Amino acid sequence: MNSIVEINKILDSDSKEEKIEILESLSDSNDPQIINKIISKLDDPEIEVRGEAFSVLVLNKNNISEFLIKNLNSDSKNIRGYSALVLANRKNAESISSIIDLTKDSSSMVRSCALGALGFLKANAASQAIHNCFSDSNLEVKKSALKAAIDLGDKLPPEEIEKISEEKDEEIQKLLVLASQN
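Predicted model, so just to flag it, every value in this text is computed and none were measured. (Residues numbered from 1 in each chain as written. Predicted model: local features only at pLDDT ≥ 70, side-chain atom pairs only at ≥ 80, totals over all residues. Heavy atoms only, no water.)

### Focus on unusual backbone geometry
Here's step 1: For K91, which is not glycine, the phi dihedral falls at a positive 55 degrees.
Here's step 2: As for its placement among the helices and strands, K91 is situated in the loop between α6 (77-89) and α7 (96-101).
Here's step 3: If you check the backbone angles, K122 has positive phi at about 50 degrees while not being a glycine.
Here's step 4: You can see K122 is positioned in the loop between α8 (108-120) and α9 (127-132).
Here's step 5: For K122, a relative accessible area of 49% corresponds to the partly exposed category. (Helix = DSSP H or I, 4+ residues; strand = E, 2+ residues; numbered from the N terminus. Buried < 20%, exposed > 50% of the residue type's maximum accessible area, 1.4 Å probe, protein only.)

Right under this line is the structure:
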């Protein structure tokens, strides 16, 4: 096994292949330094490295939730958004209140990820926060909110359907058809 110093050196290098290889070997780690380093790779410039870090965190069988929840407050929008999605994929219900807070994040990408996570977790406690995002300024966030409401099985009041219908977007129209079947 590589030492933390070696792991950090590789993960801080420019070699995408070496980073992915070392990440693959860390899926069982419970070392706080290593877990935090893996989480930091959710903001790597290489999408493949971010994807591998995401997979390693989802597949890790240890209780790493506290590290992921703490990183919902990261300065990096990628770390905030992807940590929410990792928590959802790990079916971590204790993170719901922290993820709800991200529906008001300054980054539309983070808001969209948070909504996706809440829908995936079937977080009924998030229903109001999800509905509040129907009036978001960002179209992708509106779509994510609509999908999350559908995932929760929420009934949409006619006035919300009418407001969302104003968006002349094919995907929104398809989601509204699904919503009307709830």
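Let us keep going from here.
### Considerations on the pattern of salt bridges
Here's step 1: Using the criterion set out here, one finds twelve salt bridges in the structure.
Here's step 2: Taking the shortest distance from any N to any O, the salt bridge between E167 and K142 comes out at 2.4 Å. One end of the pair, E167, is in the loop between α11 (158-165) and α12 (170-180); the other, K142, is in helix α10 (residues 139-152), with 25 residues separating them in the sequence.
Here's step 3: Overall, the relative accessible area of 23% leaves E167 in the partly exposed class.
Here's step 4: For K142, a relative accessible area of 14% gives the class buried.
Here's step 5: K143 is the salt-bridge partner of D169, the closest N and O atoms lying 3.4 Å from each other. On the criterion of sequence distance, the pair formed by D169 in the loop between α11 and α12 and K143 in helix α10 is long-range, its members being 26 residues apart.
Here's step 6: Judged by relative accessible area, which is 8%, K143 ranks as buried.
Here's step 7: Taken together, the salt bridges that share partners define one network made up of E140, K143, D169 and E171. (Salt bridge = Lys/Arg side-chain N within 4 Å of Asp/Glu carboxyl O.)

So, to be careful, I would describe these as geometric facts and stop short of saying anything about function.
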